[in-house]
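# Analysis of the macromolecular model
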Amino acid sequence: MKRIIKIFGITISSVIGVLLIGLVVLAINSPGRLKQLKDKEGNVIADSLAEKQFIEINGIQQGFFLRSENPENPVILFLHGGPGSPELAMFYQYETNERLEKHFTVCYWDQRGAGMSFSNSIEINTMTLEQMVEDTRQITEYLKHRFNKEKIYLMGHSWGSFLGIKTIEKYPGNYMAYIGIGQVTNQLESEKLAYDYMLQHAMEIGDKSAVRNLEKVNKNAFDFPTLEYIGNVRSPLMNKYGIGVIRDNFSMAGLVKDILFFKGYTFSEKLKFIRGMSFSLEHLWDYIIENNLFEPSILFQVPVYIIHGKYDYQVSYALSRGYFEIIEAPGKSFFAFEESAHSPNVEEPEKFVQVVLNIALQLENN
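Cut-offs applied
- Numbers given for residues are sequential positions, taken from 1 along each chain in its written order.
- Whole-chain, interface and lining totals are the exception, using all residues; otherwise, since this is a predicted model, local features are given only for residues with pLDDT of at least 70 and side-chain atom pairs are given and counted only at 80 or more.
- The side-chain numbers reported here are obtained from all heavy atoms of the structure, hydrogens and water having been left aside.
- What goes into a patch is any residue over 30% in relative accessible area without a salt bridge, connected to like charges within 9 Å or, for nonpolar side chains (Val, Leu, Ile, Met, Phe, Trp, Tyr), within 5 Å.
- The protein chains shown are the only cover counted for residues, whose accessible areas, like all others here, come from Shrake-Rupley with a 1.4 Å probe.
- What counts as a salt bridge is simple: a side-chain nitrogen of Lys or Arg found within 4 Å of a carboxyl oxygen of Asp or Glu.
- Each residue gets one of three labels from its accessible area relative to the maximum for its type: buried under 20%, exposed over 50%, partly exposed in between, using a 1.4 Å probe on protein chains only.
- Of the grid points, spaced at 1 Å and generated over the protein atoms alone, those admitting a 1.4 Å probe that cannot get out make up cavities, while open sets with protein on both sides within 12 Å along at least five of seven lines make up pockets; any residue with an atom within 4 Å of a point is treated as lining.
- Grid points are joined across faces, edges and corners, and a volume is the space filled by probe spheres set on the points.
- Helical segments are the DSSP runs of H or I of at least four residues, strand segments are the runs of E of at least two, and each set is numbered from the N terminus.
- In this count, Pro and Cys sit with the nonpolar residues alongside Ala, Val, Leu, Ile, Met, Phe, Trp and Tyr, while Asp, Glu, Lys and Arg are called charged and the others, Gly among them, polar.
- In short, DSSP must find at least two bridges between two strands for them to pair.
- Axis definition: a line fitted to C-alpha atoms, limited for helices to the stretch in contact. Angles are taken between N-to-C directions and run from 0 to 180 degrees.
- Any pair of residues with heavy atoms lying within 4.5 Å of one another is described as a contacting pair.
- Classification remark: right-handed applies to a crossover when, strands pointing away from the viewer, the course from the first strand over the helix to the second runs clockwise.
- Planes of paired rings set the category: under 30 degrees apart is stacked, over 60 is edge-to-face and the rest tilted, where pairs are Phe, Tyr or Trp rings (Trp by its six-membered ring) whose centres lie within 6.5 Å.
- In this scheme, Lys NZ or Arg CZ marks a charge over a ring once it lies within 6 Å of the ring centre and within 35 degrees of the ring normal.
- Per-residue confidence from the predictor is given as pLDDT, running between 0 and 100.
- In this description, a nonpolar core means a group of buried Ala, Val, Leu, Ile, Met, Phe, Trp, Tyr and Cys residues linked to one another through side-chain atoms lying within 4.5 Å.

Glancing now at a nonpolar patch on the surface. Taken together, Phe267, Leu271 and Ile274 make up a surface patch of nonpolar side chains, about 270 Å² in accessible area. What makes Phe267 partly exposed here is its relative accessible area of 34%.

See the structure below:
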């Protein structure tokens, strides 16, 4: 009996020791500030910007990161996906020296209820599409004033592309152009197309477990797709089959590690990040599912550019392409990324930066 108690005590002590070491490592990697931007040789770029800020936006403190090799460059407001998934922490490690910040000043904003901008005090009745559009307008005004710009660029990824479309519809005068990445169009139909593809693919390759899990789901049910299906069936399978977040070598464990070791967040902000993901999904997901952009959102007063990975089933490439064909705007282009799924901005980063730079140069020369 004494031997069992001794072994139990040693085991508990070991677990506690590992946890304490983990907390120390996490604390060391959570200073809450960005690294300075460096050139290819590892030298800090003079007069570059790598800043973390908080401002009050429509009644609550919201956080964002500003990064630029030259703050005089054109400004991009980046609308992250999710809802509730700020992306700088998630994709920081994919960055190359050919980054957006070489040519633009980029604002990575943690939207209301997400990341640094999550708070227990947020009133649920403010977690609406209308409020998110107003928040986008207000941070846009801040950036215009801060960098002395008459207009800026609006860039949205996934959920951010849905929010972006709704924003340029209401406030077109604020933006030089809109750039959608993994452009949301009719997400309910997109989810059904993805379901059909995954079921067919699972059958073809003999993935019996996937077939069983998918056949438990009725894609024609009134509540399809549920968040439980999204989290436990759909997203893991998409990532397994290379049609989700990233086509190659993506793992949720790796993503969590990247977030935990991101130095721009403090320890408490990393906890906010985790809580904000589920909070935002719970209160904003239905806006994506219940809105079909093919119906009300096809006429725009600013140029519209869409960048989409050909392997993307998280947000349908085919639907995005079809949506592009019917929209009317002062200028528009569609860029297919041949080696990407849902995140061409990090899967083919150098091509992505060149596309965005060419868009800006074209607009400036007109």
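Don't stop here, the text continues.
As a further point, take the layout of surface pockets. Of the volumes computed, that of the largest pocket is approximately 770 Å³. Lining the largest pocket are 37 residues, and of these Ser85, Ser235, Val245, Met277 and Gln314 sit closest to its centre. For the lining of the largest pocket, the elements supplying multiple residues, two or more each, are α2 (88-91), α7 (227-241), α8 (252-260) and α9 (267-290). Partitioned by chemical class, the residues of the lining of the largest pocket number 22 nonpolar, 13 polar and two charged. Considering only enclosed or pocket space, the second largest pocket measures out at about 200 Å³ in volume. Class assignment of the residues belonging to the lining of the second largest pocket gives a composition of five nonpolar, three polar and four charged.

On to the sheet that holds strand β5 (residues 152-157), then. Strand order across the open sheet formed by eight strands is β1-β2-β4-β3-β5-β6-β7-β8, with mixed pairing between neighbours. Whereas interior strands pair on both sides, the edge strands pair on one side only; in this sheet they are β1 (49-57) and β8 (332-337). Within this sheet the neighbouring strands show an average axis-to-axis angle of 20 degrees, counted without direction. Direction of pairing for strand β3 (residues 75-79) relative to β5: parallel, over a ladder of four bridges. Paired with Leu79 across the bridge in β5 is Gly156. Contacts from helix α10 (residues 317-326) reach β7 (304-309) and β8, with the element oriented near 165 degrees to β8.

Take empty space enclosed by the protein next. Taken as a whole, this structure holds two cavities of 30 Å³ or more when the rule is applied. Contributing to the lining of the largest cavity are 20 residues, with Phe91, Glu95, Tyr108, Asn345 and Val346 lying nearest its centre. Elements represented by at least two residues in the lining of the largest cavity include exactly α2, α11 (344-347) and α12 (349-365). With three residues, α12 is the largest single contributor of residues to the lining of the largest cavity. Of the residues belonging to the lining of the largest cavity, the class tally is twelve nonpolar, two polar and six charged. The space that makes up the second largest cavity amounts to roughly 40 Å³. If you go around the second largest cavity, the residues you meet are Phe65, Phe78, His80, Pro86, Glu87, Leu88, Tyr108, Trp109 and Asp110.

Here we come to the pairing of strand β6 (residues 175-181). Across the seven residues of β6, six count as buried, placing the element largely inside the fold. Alignment of β5 against β6, held across six bridges, turns out to be parallel. Residue Met155 lies in a different strand from β6, and its bridge partner there is Ile179. A crossover links β5 with its parallel partner β6, the connecting element being helix α4 (residues 159-170), and its sense is right-handed. As judged from the four bridges shared by β6 and β7, these two strands associate in the parallel manner. Bridged to Ile181 within β7 is Ile307.

Glancing now at the packing of aromatic side chains. Applying the stated criterion across every chain yields a total of 17 aromatic pairs. The interplanar angle of 40 degrees and the centroid separation of 5.9 Å between the aromatic rings of Trp159 and Phe162 together place this pair among those described as tilted. Linking Trp159 with Phe162, this pair stays in helix α4, spanning three residues, or about one helical turn. Pair check on accessibility: Trp159 and Phe162 agree, each one buried. Taking 6.2 Å as the distance between ring centres and 85 degrees as the angle between the ring planes, the aromatic pair formed by Tyr195 and Phe224 counts as edge-to-face. Remark: Phe224 occurs in the loop between α6 (208-215) and α7 and Tyr195 occurs in helix α5 (residues 187-205); sequence separation between them is 29 residues. For Tyr195, a relative accessible area of 7% gives the class buried. In textbook terms, an aromatic cluster arises when at least three aromatic residues are bridged by ring pairs, as seen for Phe65, Tyr92, Phe262, Tyr265 and Phe273. Between the NZ or CZ atom of Arg137 and the centre of the ring of Tyr171, over which it lies, the distance is 5.8 Å.

A few words now on the confidence of the model for the protein. The predicted model of the protein averages 92 in pLDDT, with 92% of residues at 70 or higher. Across residues 2-23, where pLDDT falls below 50, the model places one contact with residues more than four positions away in sequence or in other chains.

Attention now goes to the nonpolar core. With 65 residues, the main nonpolar core has Leu77, Ile168 and Tyr229 as its most contacted residues. When residues in this core are grouped by element, the largest group, six residues, is from α7. Excluding anything up to four places from it in sequence, Tyr229 contacts Tyr195, Met198, Leu214, Val217, Phe224 and Arg234. Residues Leu34, Met90, Met155 and Val355 belong to the second largest nonpolar core, which totals 37 residues.

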